[in-house]
Structures are given as C-alpha cells and as structure tokens.
Amino acid sequence: MIIKKIHIDGFGKWHDQDFDFTNNPVIVYGANEAGKTTLASFVLSVLFGFADGRGKNKYQQYIPKDGASYGGSLTVIADNHQYVIKRVKGKNGGKVTITNEQGKKEKAAFLSTLLGPLDRELYQAIYSFNQSNILNDELDREQLEQQLQRLGAVGSQEWLKQIARLEKTADSLYKPRGRKLSLNRHLKEYDELRERVNQAQLQSGEYHRFAQEKAEKQSRLKQLRQNQPELKHQVEQMERLQRLWPVYEQWQSHQKETVAGVKLSDEKVIKVQKLQNREQELQKQITSLEQQLLEQQAIIKRFSRSELNNYRKQKAYYQQLKDQLLALQIQANGQSTGQQRSWQAELDQLAERYGNTKLPDPLSERALSKLEELLKTTSQEKNNQNLFIPGIGIVLFVIGLIIHQPLIWILGIIALCGAGGLWFKQQQQEKQQAEDHRSALRDFGEKYGLTAFPTNKWLTMQADLHRYHDLKIQLAQATKSKNDFEQQLAQIEQQLPIKMTVNSINELINSYNRWLIEMQDQSQQLTNAEQELSRTEKRVDQLKSQLTTVQGDKEGEYQQLEIKTDDDFKQLQAQRVTAQTKKVTTEAYAQQLTEKDREQLAQYDKHSLDDGVSQVHQQLAVNEREQTELETALAQLNVQINSLVQDGSFSELNQRLVNLQTIIWNETKQWLSERFAIRWINEALKLASQDRYPKILHQAERFFAVLTADRYQKIMVNDEGISVLNQQQQIFQVPELSLGTAEQLFISLRLGFVSVISDQIKLPVMVDDGFVNFDNVRRSRMLELLKRLASENQVIYFTANDQIKDLGATVIDLDKINKNKV
Amino acid sequence: MKFIHTADLHLDSPFRGLSDMPTRIWQQVHQSTFTAFERIVDAAIAQQVDFVLIVGDIYDRDHHSAEAEDFFVRQCQRLDQNQIPVYLSYGNHDYQVVRDQENAFPKNVHVFGNSVETKKLTLADKQTVAITGFSYEKRWLDQQVINNFPGRENTDWQIGMLHGALSQNNPDQDHYAPFTIPELLQKNYDYWALGHIHKHQQLNDNPPIVYPGDPQGRHKNEEGQHGYYLVQSNSGKLVPEFKVVAPIEWCKINVEPQNSQSGESLVKELIDQVKVTDDFKMIAFNVILTDNSSSLIKQLLGNGTILERLQDQLAGEKSVQWWPYQINLIEPTGLPKMTDLDQDYWKQAAQETFTQSAVIDLAGKLAKYDFIAEQLAEPSLIEELRQEASRELEGERHDN
C-alpha cells in the first residue's frame, strides 16, 4: 500500500491541509514543533483509529483545539486500485469510510484487507523507526542478542514484551523456589493440611483397627459364649464323676470280691428248703399224730368197762329186747283201759237206744241186699212216670206253630195223646204189685227177729247193730290181751341186763332206751376212737416212711453241697445271702453308674479326677473371665469407635484438602498456561526467525554495509548467536560491537525483515529522524539506504535536519507550509 | 428374581472442584453420598430384593472416615436384618488384600477375593444364581481379568461383577481390568454388573451390560441423574431399570447476559436462570460473552467477583436449594491478529510447545503432588492449556 495523498480536516495543529506524496522515499522536513509527529500520528490514526484518550494514549488524540472537525482522509493505492480512507469523529476510534475509484463505499472491514492483520502497535513495531523503538544504552547486550534473534517474526518486539509481562505474572504466581507467592503459599498450606489429613487418616486407620479388633473380639466372645455351655457341661460331668467316684470305688471293690464258689443255686435252695420244710412238716405231723395216739388210747381205755363190753357183745340182743318192749308197749297202748271204758259206754248207749233188749245180730250181706230190694220196689213204682212222650208232643206242637207247619204240630198232638194213653195202663199194674210186697216183708221180719222193730227202721239200725256186735268182740279181746301183756312183760324184764325200778312200761322203755343210747353212744365213741387210733397209727407209719425218704433226699442234697447238717446248710445259705446282698449292692452301684461313667471313670484315679475337676473349673472360669474382659474391652472399643465416627473433622479436612487442590490446580493451570504462552511465543518467534533469517540477513547485510560504509560485509547466525564479519575478516559477537554499530545492525535486520515480509504485506515505512546514534552516519548513506528500501516499500522519512535539502531530493518542507499558512 | 446393582459409592469422598462454602451447604454436600446409599438400602428393603450387588469403590482407600466405614457396616446390618445378602467386590479405589479373616461386616455380606471366584445362592423360590467377581488387590489391574471368568455355570442365572473399563487398546490407559463387549458376551452370562465408570449407561441390551454410575455425582463432570439399577427377571431375561437417588445434582447452565452492564444485575440474571427443584443443585454457570459485552463485566467475571457476590448472596439466604461453585467465562477465542502473518510458524510452534513432556518439564516438582500429577496426565490438558495460552496472548492485548 502506498499513500498518495493526505487530507487533514482537523488533527492537532493541522487543519484543512493536503499533502501529496509523489516521490518515494517521501522526505518530510520540519524543525521541532513543525508537526512531523502530528502528521505521522494522523496517518496512523486514519489507518488504525483515533486514540481512545485513556492511559498512555491520552495525549495521542490530537483533537483540534480550534474546533475544526476531527479527522481527515488518506488517498492510497493498493493492488493498483485507488481508495480514499476517511476517518471522522466517532465511537471506537472514529468512523471510517472507504471509497473506491468508482466512488463507491467499501465496507468498514475492507480496511483490514488493506492493512493485513496489523494494528497500530504492530504496525509501529514493524514499520516505524523512531527513538522509542530503537535500542538504547539501557538495553543489555544479551537482551539485544535475544531481540535480534527473534526479529524474524511479526511483532517480535511486541511479543518480547508479552513474554516479559507473562513472566512477571507467572513469577508472581509461582516460582519453584518461591515462598511468598500465591501458589507456593497454597502448596505449603496443602502440605500442612495434608499432614493433618494424614493424622486424621491415622484415626481412620485406627477406626479400621478398632473395627477389626471389635469384629475379632465379638467373634471371640461369640466363640466363648458358644463354648461356655460345653464347659459348664464338662464341669457338671466332671463333678458328677467326682460325686460318683465313691460309688465307683465301691463298685470296683465289689466287682473284685466276686464271691467265690457259691454252688448254691436258687433252685437248689428252693429244693433243699422244700425238703427241709417237708421234713419239718412231717415231723410235726408225726408228733401231732403221736399225741393223738396217746389221747385216743386214753379214750379207749376209759371206755373199756364190763357194761359197755357186755353191751357191745349183746348189742343185737339188747336191741331185740327193746323192740320186744316196744311191741309190748304198742300192745299195751292198744288195750288201753280208757278205750275199754268208752267201748263199754258206747255199748251201754246202744243197748239203751234199743231198749236194753238183747239186740239181734246184724244182717248178713245177703239179707241186707234182700231187705234193700224189698224196700226199693216200693219206692220204684212211684217214681216210674215217663214224661218223655208228652214232652216230645209239646215240642213238636210248638215248633209246628212257630213254623206254620201243620204236619209237625199235628205230630205233636199225636205224641201227647199217645202219652196220655200209656200213663193210664201203668196205674192199673202198680196196684197189684204193692199187695205182693207187703206179704214178703212180714215173712222177712220174722226170719231175722226184727219184728220187734218197725219196718222202716230195719235198714237204718243195721249200722248200730254192727257197732254193737263189734264192741262186744273188742271188749272181750282187750281183756285177753291184757293178760298176755303182763305175762310177756315180766318175761322180758327178767332178760334185761340191768334192773330197773319203773312204774310203767313206758318208763321202762324210756330208761332202757336211755341206757341203750348211752351205751350206743359210748360204744360208738369207742369204736370211733379205736378206728381213729388205727387210722392214726397207719398215718404215722406212712409219715415216718415219708420222713425217711425226705431225709434221705435231703442228705443226698447235703452230700452234693458237701455239708452234713441243717446248720451247715443254714451257714451256706447265709453265705449265699451275703453274696447275693453284695451282688445287689454292686448292682445298685452299677445302676448309679452308666456304662459311659464307668468308662470315663476308668480313665481316672482319685487324684487325677480331682485334678480334672479343678481343671475344667479353671477352664470355665477362664472362659467366663475372658468373656467379661472382652465385654469390657468391647464397650471401650465402642466408645472409641463412636467418638471416631462422630468426629466429622476428617471429612471436613478432606474436603478442605480437596478444595485446596482445586485452588492449587487452578493456579497451576494458570501458571502453566502462562508458561506455555511464553514458550509458545518464543518458539513461534524462533521458528519464524529461523525461516526468515537467511533472507533477512541477505537484505540486512546490504543495509548494514551501507550504514557502516562497507566496514562490515557479512552477518552470521549460529547457535551461539549473531556475529558479524568485517573487512579484515574479523568476527565480532554482538556484545563486542559498539552500541552504535549494534544499533545499525539492529536497524539493518529490521529493515531486512520489512523487505522480506514485503511479499506478504507492503506498508509504508515511517522513519522518524531520531537516530541518535546515527550522528556519525552520513546522511548520504542514510538517503541511499532509504532509496534502496523504497524499491520495495513506500518510505516516509521525517527529519528535522535541514541538511537533507542539500542532498537534492524532493522534500516536503513543513516549515515552509507553516509559514505559508501563517 | 429381583436385585439391585450399584457401584462406586465413594462414601465420604470429598467433592472435587469446590472451593470454600458455608457450613450448612458443606454438610448437605458431605451427607449426599451417605444419603444416596441409604436410599438404595431403603429401596432394597422396600422392594424386598433377593440380593444387592456392589461392584467396587465403596470408599476411597486413602480418603474415608471412620464414619463412612461405620455407616456402610450399619447399612449392611440393616440389609442383614431383612435377610438381604450383599455381594461386594473392591475396586481400584478401595483395593485391598481380601482375606478370609474376620471382618466387621455382618454375615450377609459376601466379599469376593482377589482372584476371580463364583459364589452361588439359592433364592426363596428355589432359583439358583451364580455370581462371579473379584476384588482389586492393587490400585491398578492391567491384566485382562475377564479371561479368568469361568464359562456359564449350571444355574438358573449367572451374573458377572466386573469393576473396570473398556479396553482402549492402549497399555498406557488400560489400567482397570480392560475388557471388550464381545469378551463379555462370549461368557454367555445373564447380566454384567459393571463398576468404575461414574456415568450410568448400558453397553449392551441383551444380556444387559450395565454401568450403574455412582449413586451421587461428585464433581462437575458427573452431572446429570445418578442412582442405581433395579434388575428384575422378566420372561427369562434380566431387565434393568434406572432409579434416581442422588440428593445432589451437578448442573451446567449456559447464560448469555442480555443487558447486564453492572455486576449486580448480572448476579440477578444468573439467579433467575436457576430452576429450583427438590434436589439440591451444584451449579456451574457458563457465561457466554460476545464482542459487545462490556469490559467491566468481563473483568468482574474474570477475577471471580461475580461468583463471590453470588455466593455471598446465597449464603445469606435462609434456605438454599442450589450452590454456584463455578462461573466459566466463554468468549470467542483465537490467536491475536498479529499472528496471522506468521500463522504457519505459530501453529508449528504450538505443536512443538504443547507436549506432554513440556508439561512435565514445566510442572517440575509440582508433579510430586498426586492430584496435580493426575491432572497433568489428563490427555485433554494439553488442548486446554493451548486454549488458555491463546487467551493469554489475546486477552492481555486487550488490557494494553
């Protein structure tokens, strides 16, 4: 881009002023205060915007004091086209309008296509050469070297400032060895906090340990609690064994004394006892029977009298006597006088009834029958009336009437008539018969002496006649019997074994009977006694024989048992009982001891058992004590754990730690980004420089030769830095150069850079005459340099040195313009 | 059958990315991992599940309090009282040597050993379940432990418990029992209960391969819903269902300040953006600035004044349902124009500058801090630093 024309409406001291930049380089001359800097500022302001009036730019605004309108325009040529850039007062650096050749306005953004990526500062850094961006004494040579090395990039100086600034801020944040810087402080704080967290973490570890311990203790406690019943059981068992020990001992000793040689079996005892009992029984029986024998013999002896013996001999005879007596008695009783008297009385009575006459004998059966016949015929005639036929006639008659059967009732009448006839005939016959009868009776009475008695009594008196006849016989017989009886009685009385004084036969019989009974009784007793005696004797014999057998058997048994007497047996039995008792006792002991007890007890002796008991007691005690201890320990652990759990400080510290991490990381990142920015800038500058340096050097060598009047021919760059070669082929490092020469080198390199990047961007180079150290440089050489430069870029050279006019170049003389204006 | 699958409880783990906050907020935050797990246990009891799987990282080995351990044991005891068995394996954060010795857990807790082992159980309905898993013995586990998992057992169901990450085919990254999905499928199990990744996700549908995520998100990168999976059998398959329990949700809210020219109005604008719900929210604001935004606002945001004011205001309120822990400034970034001419050099320089070795070199002894070292190892860090640096280059020019 080339500036062809400048029109200032109002800017600083300039107003309504035009400048034409026809030559290249454009040389602007003006003494101090002539407006050189203002003009340069105007160009910059139109291109990059008015200064905003703040900070260091405050005095760069150049607002016209005389109230002229602010701003103006530049007419420029870019890419063979002409544009007018006009800037007037407005926001954000003023209002820009760009008008092209056709008078059309371009967009505001078109400006950046003209100016490239440059802003005011960067433009100045590249294209502006004045005192403020030229080396001075204060710059140390190493920095100079650094600056030179980075010249190859756009805005390298600006970037170097950035680096300086970033280093400053980064260093204010953190230095590896720093102490008071923010990040350093935070790191220190972090270390301290972390130490505290670690301490607290130890607590957590402590918790872990406690929890572990708690779990272990709980598990141990659980185990102990589980074991406890078993131990208790063991104690019980052992104590039981201990209690059982005496029993066991007893049992054991009994067990040893297993009674030797008791051959006596139960069966044997029973058998022997049976035999003994039998023997005793027999002897007892025998004794008792012998006693009986004695008694019986006594009884027999008592009954053995003559009377009884007599009786027993003549017993049948005496019985016979008794029977005779009894027969006699019966006889006597039959002839009792009472009866004889009654018979006599009855006889007298009968005789009186029939008049004391001698009474006829009773009729025989035949006579009686004849009489009865006679008497009977009389009575039969009267009674022989047949009512049969009239009866039938009546019945038939009635029936015939009833049933209206004339035949029947006629028959009835006939029957009645027949009956009447029959009855009449009979009446005739009867009168004849009665006459015959009365004559028969008279004959009969005479024959049997009954004539003294009326006929009708003949029959009835027959019974009395019989009775009378009988009584007379009986009385005769009784008298005869009485005589016989007395005769017989006397006979019998003589035969009786004893004399009895009695009044009657009855008494006699009674007495005799009593005697008989007595005798019989006594006889019976004697017989019984005798029988008994013989039976007893027989029995005794039997028993004795049995006894002998039993005793034989017993002795046989005794022989087997190798004893002789009952006492021996008793002794044996006693032994056996003792043995049995022992056995029972042993069994009783045995019952108190189970098989298992015995097995267990067998493992001990008294001493070891006691030891065992105290051992299990101890075990239980240990268990219980440990439980108590564990419970106490657990309670303590719980307290400790709870205090740890409730202590929230760890979490808080941890969070603080993490928060601090956040802060530290943010700062670290900030610091890193700054550090990286520095590295990046350096690297970019280095890269650009490395790439461009050969070209820059190529250009710069020419500029440097011009500026140093060919004293230096070559500029070299290597890893160690920049060095120059002089005519004498001597090499100088930058720090070895004089400040003036170093400045010339610097200028040369910068100009070299401008020409190198001119294929990317071409803007006017503005050189302000402030080259202090150029004093010793010839102006002609300077002009030569500018001319060379102008072959690529437009060069605008501001100078206060009027010698420039002598060099024959076209000069814009500001002094002159000012004079003209005034 | 019905069970709960959870992992990465990280009980009592501190919350990363926070700076100081009021005590009550801190308590709420601190309590959240506990609350989340307690809610899971509540659900297990209410749902009467057959068992609970916990696939590693119950707490951080190096960062957990007695309270956390005690709490976990008590929750297990609650499950024990309800006859719910717990199957747990340790992960890379609670790695330890598992011994058969006494531990503080109740008897319903079954801990997997350091080698792959299979535990079997029979459910109330006589169904049999085989559960295969293992515990980390060390912080890292480079071996492909999946190869040690046995084939399917002769049980009604088989579940694999695996705390680890999908293989990246990169030995530098595969530190957590690396596996591939085909490897899991090949085992022919009914369900893969994974752990380690904190975002809940299902890697495969049938059989389900599931990361339950952590029940409570613990930093800004764990935003979204957090909870557990309730898994139920349905016609011979196991169907997982995600259930939310996290009492605190991490959120990001993008804000484009409209007319705020002052700090106060911006604070109000930010507060207005928050939708208050029952769940407590930890909020990061992304404030998106444009070229037109006032430089004052930028400055207030940039130096943290706005966040401080916002926090102060909330801390003063009686009940707070959210907490702003971060405000990010989002603005168009790019290298300064100045670099345009040298673009190629800058790009090349960036490539040569922003390297892992440069990070390590620069960090120097800072890397001795684990947490810094971890962050330094983050692959995304380089790019972040590059953007930061770009902002430095550009940002500073604005100040000039």
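Reading guide: rules and limits
Position numbers for residues start from 1 in each chain and track the written sequence from start to end. Each chain gets a letter, beginning with A, and each ligand a number, beginning with 1, in the order they are written. With the structure being a predicted model, the display of local features is reserved for residues of pLDDT at least 70 and the display and counting of side-chain atom pairs for 80 or more, all residues being used for whole-chain, interface and lining totals. Helix numbering and strand numbering both begin at the N terminus, where a helix is a DSSP run of H or I of at least 4 residues and a strand a DSSP run of E of at least 2. Exposure classes come from backbone-placed C-beta atoms, where a residue is buried if 20 or more other C-beta atoms lie within 10 Å of its own, exposed if 12 or fewer do, and partly exposed in between. Placing C-beta atoms from the backbone, we regard two residues as in contact once those atoms come within 7 Å. All amino acids are sorted into three groups, where Ala, Val, Leu, Ile, Met, Phe, Trp, Tyr, Cys and Pro are nonpolar, Asp, Glu, Lys and Arg are charged, and the leftover types, Gly among them, are polar. A pair of strands counts as paired when DSSP detects no fewer than two bridges linking them. Assignment of crossover handedness uses the view with strands pointing away from the viewer, where a clockwise path from the first strand over the helix to the second indicates a right-handed crossover. Expected helix span is taken as 1.5 Å per residue step, with the number of steps being one fewer than the number of residues. Each residue gets a pLDDT score, which is the predictor's confidence in that residue and runs from 0 to 100. Axes here mean lines fitted to C-alpha atoms, for a helix over just the part in contact, with angles spanning 0 to 180 degrees between N-to-C directions.

With that settled, consider the overall build of chain A. Tallying secondary structure elements over chain A gives 23 helices and 14 strands in all. Burial status across chain A gives 26% buried among its 822 residues. Here the analysis covers contacts within chain A between residues at least 6 apart in sequence; of these, 75% occur between residues at least 24 apart.

So, on to the environment of Leu328(A). In this structure, Leu328(A) sits in helix H9 (residues 315-334). Apart from the residues lying within four places of it in its own chain, the contact partners of Leu328(A) are Phe485(A), Gln488(A), Leu489(A), Ile492(A) and Ile505(A).

All right, on to the interface of chain A and chain B then. The partner chain B presents 49 residues to the 56 residues of chain A that form the contact. Every element with two or more residues in the side of chain A that touches chain B is listed here: helix H5 (156-173), helix H6 (182-256), helix H19 (606-646) and helix H20 (649-707) of chain A. The element contributing the most residues to the side of chain A that touches chain B is H20(A), with 26 residues. A per-class count over the side of chain A that touches chain B returns 26 nonpolar, 19 polar and 11 charged.

Next up on the list: the pairing of strand S13 (residues 795-799) of chain A. Residues and elements named next belong to chain A. Burial of S13 is extensive: five of the five residues sit out of reach of the surface. Neither face of S13 is exposed, since Val795, Tyr797 and Thr799 on one face and Ile796 and Phe798 on the opposite face are all buried. Sheet topology places strand S3 (residues 26-29) next to S13; four bridges connect them, and they run parallel. Bridging from a neighbouring strand, Val28 pairs with Phe798 of S13. Bridge count between strand S12 (residues 765-768) and S13: four bridges; the pairing is parallel. Within S13, the residue paired with Val767 across the bridge is Tyr797.

Residues and elements named next belong to chain A. Overall, antiparallel pairing links the six strands, which are arranged S2-S1-S4-S5-S6-S7 in an open sheet. Only two strands of the sheet have a single partner each, and these edge strands are strand S2 (14-20) and strand S7 (105-106). The sheet contact formed by strand S4 (residues 71-78) and strand S5 (residues 81-88) spans eight bridges and is antiparallel. From the neighbouring strand, Thr75 faces S5, where its bridge partner is Val84.

The next subject is the pairing of strand S8 (residues 191-195) of chain B. Residue and element names in this part refer to chain B. The buried count for S8 comes to five of five residues, which makes it a mostly enclosed element. Here S8 shows a buried face lined by Tyr191, Ala193 and Gly195 and a second buried face lined by Trp192 and Leu194. For the crossover that starts at strand S7 (residues 157-163), traverses helix H3 (residues 181-186) and ends in the parallel S8, the hand is right-handed. Relative to strand S10 (residues 209-211), S8 runs parallel, the two sharing two bridges. By the bridge assignment, Ala193 is partnered in S10 with Val210.

Moving on, we come to helix H7 (residues 266-303) of chain A. Relative to the 56 Å expected for 38 residues at 1.5 Å per residue, H7(A) spans 54 Å between its end C-alpha atoms, a close match to the ideal helical length. Of all the residues in H7(A), the buried ones are Val272(A), Leu275(A), Leu282(A), Leu289(A) and Gln296(A).

A word on the confidence of the model for chain B. All names here are of chain B. Taken as a whole, chain B shows an average pLDDT of 87; of its residues, 94% reach a score of 70 or greater. In the predicted structure, residues 396-400 sits below a pLDDT of 50 and forms three contacts with residues beyond four places in sequence or in another chain. Confidence metrics for the complex model read pTM 0.54 and ipTM 0.75.

All names here are of chain B. Spatially, S4-S3-S2-S1-S11-S12 is the arrangement adopted by the six strands of the open sheet, whose pairing is mixed. A single partner strand is all that each edge strand has here, and the edge strands are strand S4 (109-111) and strand S12 (237-244). For this sheet, the mean angle separating the axes of adjacent strands, direction not counted, is 20°. Bridge count between strand S2 (residues 51-55) and strand S3 (residues 86-89): four bridges; the pairing is parallel. The partner of Leu53 across the bridge, within S3, is Tyr87. Relative to strand S1 (residues 2-6), helix H1 (residues 23-47) is tilted by about 175°, and along the sheet it contacts S1, S2, strand S11 (227-234) and S12.

To continue, consider the environment of Ile414(A). Relative to the helices and strands, Ile414(A) is located in helix H13 (residues 406-447). For the pair formed by Ile414(A) and Ile394(A), sequence separation is 20 residues and the distance between their alpha carbons is 9.7 Å.

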